[in-house]
Every structure is written in structure tokens, then in C-alpha cells.
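One letter stands for each residue in the lines below.
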Amino acid sequence: MKVARAIAEMLKREGVKFLVGYPVNPIIEACAEADIRTIIVRQERTGLHMVDAVSRTTCGDTIGVFAMQHGPGTENAFGGVAQAYGDSVPIVVLPGGYPRDKTNVDPNFSALLNFQHVTKWCEQVTLPQAAPDAIRRAFTQARNGRPRPALVEFPIDVLNAEFPGELNYRAAPRTRSGPDPVAVKEVVKVLLAAKRPLLYAGQGVHYARAYPQLRELAELLEAPVTTSLQGKSAFPESHPLSLGSGGRSYSKQLHHFLHAADVIFGIGCSFSVTNYGLSMPKGPVYIQATLDPLDLNKEVPIDHGLVGDAALVLDAVLAEVRASLKKPRGRQAEVAKEIAARKAEWMAEWQPKLVNAGKPLSPYRVIWDLMHTVDRANTIVTHDAGSPRDQISPFWECTHPMTYIGWGKTTQLGYGLGLAMGAKLAHPDKLCINVWGDAAIGFTGMDFETAARERIPILSVLLNNFSMAIELKVMAVATEKYRSTDISGHYADFARSLGCHGERITEPGEIVPAIRRGIAQTQAGKPVLLEFITDKETEISTYK
Ligand SMILES: Cc1ncc(C[n+]2csc(CCOP(=O)(O)OP(=O)(O)O)c2C)c(N)n1
Ligand SMILES: [Mg+2]
């Protein structure tokens, strides 16, 4: 048995059902021999985004695995791994490497050297017998502690060498760590003494599937709840205590409660300072619960810290709250009323855009109609970089967990397509949608061909305004002199040419019928691109 075949066997024992990859890497052929479905993409970056979504949308239960060739394949994969690192997604990456006698000779690309800063675990296997230990370490790192990519580089001659002896490989375990009980007691005192507590959920709540605990804590404290973009859908946004998600854009009720809070409890969150997250006000007492001590007290100075898995943290906090709180404090009705009043004002302000009947179409109207046409509980939707993110994230009301893939610690245009494809692979019964702009499709659009060929029927909603609208303000001179923010294309035609269902929609009355036709096509197994011709909208929901 060759080393590549032994690796395929290890992947099987790790529960890998499909390998996404790009040739040439002998692991691909070996996986096919071992009955692991091989999915070949059109470029490495999209394949990495797909396996990223597999890991995300299964809350880390299934680790997505990607393999590519040494040299160009590995060089071209950098963006996909960097995006997974930025957003803390656990994937296993298996690049080929130059043969051992050439590994360290200039200019041969070394994954071991170059991926150190975008992985949590990065190693190179130099002996055939070392393969099982390396694969075990990679899966162990992906499943445990802070989720992030793990990479193992296999020089091509190692992959093609004979594997010595018997393969005794067992799947890596997944375990959790819990918080300091003394700190939990302190935190609960602070939470119970707070007059206006606010809960802020990050993506740690998703990975821990701590949804019931988060809801119970909110209801016991009678406190409003918001999330980061990554945490979006961790709390039902239709709940009377929900403020919706934070990001570059957010609701008016969220702004109001964020700035009125006296205690902010961040759960499963890094409190990273980013343009694509809430700007945390100075003044409140901060409590941070995070899995990774490296994120503790990092950018927002905190008063109390809890380190551990979000579910274990919340279990411990809840036990203490239940014991201390003899009866409900009777604040919920008042808090819910205050939220509802701000929400009504917010909706009234945005209503003209959300139901706009003009042409070109308003992107807000497209998103609003989309949200009211799909079965939200059985849909997974993701945004892209650019205005579509800021247009959809405050207004898309998630009713069920893991129905939205929010992202943006780094914001690579074109990420959304691979995410929707990976989500569909992991959840074939769900409608998987990516909403993006015409600049975004320029990066990864060719992988519609993969969606058609590999029968991954996603629904792609393209907001085509023939422009990088988000850059209009910062590129005014370049736009006027050289039309530098203009872009062009007929993407419905493009999608059709690749075997997908493509429609260009210009009439407001056609939005909903086109979405319905699109959903029907996905149910019949065809990927769909709906190209809505929209105005160059630049206004987003922010408040000062
Ligand atoms: C790989 C990459 N390069 C550059 C950017 C910076 N960037 C963010 S949005 C954007 C333009 C977005 O245009 P489009 O997708 O058409 O959305 P619009 O704002 O027009 O609705 C650019 C250049 C980025 N996010 N990713
Ligand atoms: Mg655009």
C-alpha cells in the first residue's frame, strides 16, 4: 500500500465522505479507490471555501478536507486557507510538496514555511511511517481548542512510497474545556447586579451548539441579545429580546441598546476590532467568554474573563443564575417593548427601500422579497464582501440556528459561492444561497461550472449594479476620469453557458416569480444564478 492510499484510509476512519481537491495529488486518486467521493473544482480557493462551509455548517462535527498539488496548487490555495484562518474555521489541508531532494531548494514553494501564519498547525512529513501521526495531529487540532486550519504537507515522493507495516489508525477525539468556577460566581454576581445587561454572541456559540443555553440565559436575565456576523443565527432574531446582528451595518434597536448597556457579556467571541463588527462602546463592564486565551482581553479591555467551550461556560453560568435568582425580575415585557418601539422606527425608516418599486431594482427590495419567499428555517444563506453584506445582514431575520453563514474578519470577494456550495454538500436537503455583487463574481464565478458538473444545486443571487458601488466614495476621481469603478458582464448568460439556470431580472414584479422558478430549478438539481439589475446603492443601516 502506498502512503497516499494509507492516507485515504485514515481519512475514511476520520469520517471523511468527500475530498475536495485539485490535481495533481496522489491522495485524490487514492481517495477515489477508497470510495471517498472526489470533487474537483476550477481553482483551489473555491475548493477551500467549500470545505470551510462543510466544517462551519456542521459546527465542526464534520471536518472539511482539501488536497492540492505542490507548487502552483499550493501557492494558489493561500487565499482560501487565509480566509479560514481569519474567520477561525477548522479545516484540514493536504498540500503536495516538492520531492524531498528538492524541498528546500529555491524557488520551490514550501507549504511548511509559507502557511505557518495562516494555520494553527503546520507540518511536513518526511518519512512514510510518520504519516499516521501527522494526520492524527491535524485532525486533533481541527477538532479541539480554537477552530482553525491544520495543514500537513506531503512531499510527492513520500506519497508515492510504500507505507511500511500495518495501519493502526483511530479517529481523533473531540473534547471540551470548561471555565474556572470561581470566575463563574463573580460573573454571575455582575450579571445579576446589572441594570441593563446585553448579551453578545460570537461564533463560539455555533461551534458549541450552545443555542438552548444562550436562549435560557437571555430569558432568565431578561436581557437583549445581539451577535457578531459570525454568530448570526445563534439566537432567534424573531425573539422579542433579539436586537439582530452586528456588523458594518446594524439595526437601530441594536445601536440603542449597545450604547445604553452597563454590562456587556460576550460569549464565544474574540471582541476583535474590525470594520465588519460592532464598535464596542467605552464605559460598560465587559465580561468575555472565549475558548482561546489568546483572544482574552485582546482589543476590548475586559473586567471579567471565562475561558472555555461556550456550552460549558453557559451551563456553569446558568446553574449559578438559577440558584441565585429566586424569582423572575419581571423586566422582560419592558425590555421587549423598548426593543419593539425602536424596531418600529427602524422599519419605518427603511420601508421605502425594502419595498421600493423603482428601476433599476433596489438591492434592499431584492433581499426583502427573497427573505419572504424562501422557507427560512430550511435555508442557509451567506453574503459576500461589498455592499451586499451590509445590505443583507441587518435585515435578514434568522429564525433558526445555523441558517446564516456570517463572515468578515477578512473579507475576500468571491468567498460566498464556495460557502454556499459547501453548505449544500453538507446539507443537501436545504436551500443554500449566496448573495453577492458583480465584483465578487469576478473572483470565483467560474466555479459555477463545478456546481453544475458536480450536481451542487445552489441558488446564487447576484446584485448587478455594473459597479463597485461600495468604492464610489473613495474612488471619486478615478471614477470620473477613468471610470475605474465600472464593471460589466451578462452573468445570467454566463451561468447558462456553464449548464446552470440563469435569469436576468429587471422588473420589480418579477423578483418573487423568478426566485420561485429558481428554487424549483434547485429542487430539480440545477444550480441557479438570478441576476438582478440593481441601482448603485451606497446607503447602509448605521446610527451615530
Ligand atoms: C479579494 C478582495 N479584494 C478587494 C476587496 C475590497 N473590496 C471590498 S468590496 C469591493 C467592491 C464590491 O463591489 P460589488 O461586489 O460589485 O458590490 P457593490 O458594492 O457594487 O454592491 C472591493 C473592491 C475585497 N474585499 N476582496
Ligand atoms: Mg457592484
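Residues numbered from 1 in each chain as written. Chains lettered and ligands numbered in written order. Predicted model: local features only at pLDDT ≥ 70, side-chain atom pairs only at ≥ 80, totals over all residues.

*Asks:* Can you walk me through the packing of helix H12 (residues 252–260) against helix H14 (residues 332–354) in this structure?
*Replies:* A pair of packed helices is captured by two measures, namely the crossing angle of their axes and the spacing between those axes. At their nearest, the axes of H12 and H14 sit 7 Å apart, and the two run at 135° to each other. Accordingly, the angle class assigned to the pair H12 and H14 is oblique. Of H14, the residues touching H12 (which contributes Lys252, Gln253 and His256) are Ile339, Arg342, Lys343, Glu345 and Trp346. Across the contact of H12 with H14, the residue classes tally to 2 nonpolar, 2 polar and 4 charged. (Axes fitted to C-alpha atoms, helices over the stretch in contact; angles between N-to-C directions. Helix = DSSP H or I, 4+ residues; strand = E, 2+ residues; numbered from the N terminus. Parallel < 35°, antiparallel > 145°, perpendicular 65-115°, else oblique. Contact = placed C-beta atoms within 7 Å. Nonpolar A, V, L, I, M, F, W, Y, C, P; charged D, E, K, R; others polar.)

*Asks:* Even after reading the chapter, I still don't get the site of ligand 1, so can you show me in this structure?
*Replies:* What surrounds ligand 1 is a group of 18 residues, the closest being Gly386, Ser387, Gly437, Ala439 and Ala469. Counting residues per element, the ones that place at least two in the shell around ligand 1 are helix H16 (387–392) and helix H18 (438–444). With 3 residues, the top contributor of residues to the shell around ligand 1 is H18. A breakdown of the residues in the shell around ligand 1 according to their chemical character gives 9 nonpolar, 7 polar and 2 charged. (Near = placed C-beta within 6 Å.)

*Asks:* Got a minute to help me understand the sheet that holds strand E18 (residues 528–533) in this structure?
*Replies:* Working definition: the strands of a sheet are paired by backbone hydrogen bonds and lie parallel or antiparallel to each other. On the basis of which strands lie adjacent, the open sheet formed by 6 strands has the order E14-E13-E15-E16-E18-E17 and parallel pairing. The strands lining the two open edges of the sheet, one partner per strand, are strand E14 (404–405) and strand E17 (501–505). Across 6 bridges, the pairing between strand E16 (residues 459–464) and E18 is parallel. Note on E18: the bridge partner recorded for valine 461 is leucine 530. Contacting strand E13 (379–382), E14, strand E15 (431–437) and E16, helix H17 (residues 415–426) runs over the sheet at an angle of about 180° to E15. (Pairing = 2+ DSSP bridges.)

*Asks:* What should I look at first to understand the environment of valine 125 in this one?
*Replies:* With respect to the secondary-structure elements, valine 125 resides in the loop between strand E5 (121–124) and helix H7 (131–143). As for valine 125 and proline 212, which are separated by 87 residues in sequence, their C-alpha atoms are 42 Å apart. Setting aside residues up to four positions removed in sequence, valine 125 forms contacts with Ala130, Ala131, Ala134, Val152, Phe154 and Val158.

By themselves, these figures tell us nothing about what the structure is for.
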